[in-house]
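# Commentary on secondary and tertiary structure
Read off the chains here:
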Amino acid sequence: MSSSYQPFRIVPSKSSSPMRSALSVAGLITVAIVTGILLNTFVFQPYVVDGESMSPTLHTNDRLVVSRVERTLAEIQRKQYVASRGHIIVVNGKASPETTERAPELIKRVIGLPGDTVTITGGTVIVTPQNGTPIDINRTLGLQLDRTYSAEPFTL
């Protein structure tokens, strides 16, 4: 019993040339690099933690990937981006004269929003929003932070 089925064979195209293949590979590599740059610029960005200021949440050499989607969407819509209370953000270290020498970028948690008053009294950080109801940050955000000390009551 003979079968009319022909085995599958790969036959090189007569129009294929080494130059055309090299250009295809170069084009594929270029697309991959451009895609990586666009993703890193507008979608997400990796970071490595250096320091213990975010302990117990983050420690030195922890790796994290920060989403840039919300910020990118706000820029597209020409709106100001404001992170939510409790979010972990990356801040330009040159934003303050005190941090310029420390690091190009700082990883911090948002506790105060525009219009809030932040007060440190007796080692406890209290945020008072514009509506006037004080918030204990440790309780509200479910954190187990060490007490924060200052020589005298501090209001930001």
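Since the structure is predicted, the reported quantities are computational estimates derived from the model, not experimental observations.

Conventions used here
- Residues numbered from 1 in each chain as written.
- Predicted model: local features only at pLDDT ≥ 70, side-chain atom pairs only at ≥ 80, totals over all residues.
- Heavy atoms only, no water.
- Salt bridge = Lys/Arg side-chain N within 4 Å of Asp/Glu carboxyl O.
- Helix = DSSP H or I, 4+ residues; strand = E, 2+ residues; numbered from the N terminus.
- Buried < 20%, exposed > 50% of the residue type's maximum accessible area, 1.4 Å probe, protein only.
- Contact = heavy atoms within 4.5 Å.
- Pairing = 2+ DSSP bridges.

## Let's talk about the pattern of salt bridges
Under the definition given, this model contains two salt bridges. Between Glu75 and Arg71 there is a salt bridge, and its shortest N-O distance comes to 3.7 Å. Separated by four residues within a single helix, Glu75 and Arg71 lie in helix 2 (residues 69-76), roughly one turn from each other. Residues Asp116 and Arg85 are paired through a salt bridge, measuring 2.9 Å at the closest nitrogen-oxygen approach. With a gap of 31 residues between them, Asp116 in the loop between strand 4 (105-109) and strand 5 (117-121) and Arg85 in the loop between helix 2 and strand 3 (88-92) connect regions that are remote in the sequence. Residue Asp116 is classed as buried on the basis of its relative accessible area, which comes to 14%. We classify Arg85 as partly exposed; its relative accessible area is 21%.

## Considerations on the environment of Gly115
Its place among the elements puts Gly115 in the loop between strand 4 and strand 5. Assessed through its relative accessible area of 44%, Gly115 is described here as partly exposed. Considered as a pair, Gly115 and Asn131 are 16 residues apart in the sequence and their alpha carbons are 9.6 Å apart. Aside from chain neighbours lying at most four places away, what touches Gly115 is Thr128 and Gln130.

## Regarding the pairing of strand 5
Note that strand 5 and strand 6 (residues 124-128) share five bridges and pair antiparallel. Note that in strand 6 the partner of Thr117 across the bridge is Thr128. Connecting strand 5 to the next strand, strand 6, in antiparallel fashion are two residues, including Gly122 with a positive phi near 60°.

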